[in-house]
Amino acid sequence: SITATTTGDNWEDTNPLDYTVSLVYNAAAVIGQEFQIIINQYGTDCVKTLMPKVVRVLEILEILVDYNEQEYTRVEDLEAEVLRLKSELIENAQEKMRSESRIDHMHIADDSSDSVERELVDIIHKLKG
């Protein structure tokens, strides 16, 4: 049986979208162990064309996983910024409502004082008249 003795932090069971660079390194180590077992039993000729291809695929996987990790961080940062902006928008809307309410109260007070003034002018005209 040709199997390596370690599984490398469960990299085989990990969702590919959750891969980390560390898991890629663990996978590479396990694959390297598998290659060593094959080489020990059958010699280097049987893997000499396959090994560089596997190494290249692992390098590409490392680059893509690293890029994915950076993008995930970027998405988290953008989501935090969206939450901050939403909070700011709500705060501004509430402040606008408070300002409009104060302005409405000022107009009501002005209307009320205008009404009282008109009544007093009417009373003065009646008394003169």
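Only a predicted model underlies this, so the values are computations on that prediction, with no experimental measurement involved.

Turning to the environment of Ala27, a few remarks are in order. Looking at the element boundaries, Ala27 is found in helix α1 (residues 21-42). On the basis of relative accessibility, which here comes to 3%, the residue Ala27 falls in the buried class. Distance in space between the C-alpha atoms of Ala27 and Trp11 is 6.3 Å, their sequence separation being 16 residues.

Now for the pattern of salt bridges. By the definition in use, this model includes six salt bridges. Salt-bridge contacts for Asp45 lead to Lys48; the nearest nitrogen and oxygen are separated by 3.6 Å. Its relative accessible area of 59% is what places Asp45 among the exposed residues. Judged by relative accessible area, Lys48 falls into the exposed class, the value being 54%. Two residues, Glu59 and Arg56, come together in a salt bridge whose shortest N-O distance is 3.4 Å. Taken together, the residues Glu59 and Arg56, both in helix α2 (residues 50-128) and three residues apart, mark about one turn of the helix. Given a relative accessible area of 36%, Glu59 falls into the partly exposed group.

Each value, and the rule that gives it
Residues numbered from 1 in each chain as written. Predicted model: local features only at pLDDT ≥ 70, side-chain atom pairs only at ≥ 80, totals over all residues. Heavy atoms only, no water. Helix = DSSP H or I, 4+ residues; strand = E, 2+ residues; numbered from the N terminus. Buried < 20%, exposed > 50% of the residue type's maximum accessible area, 1.4 Å probe, protein only. Salt bridge = Lys/Arg side-chain N within 4 Å of Asp/Glu carboxyl O.

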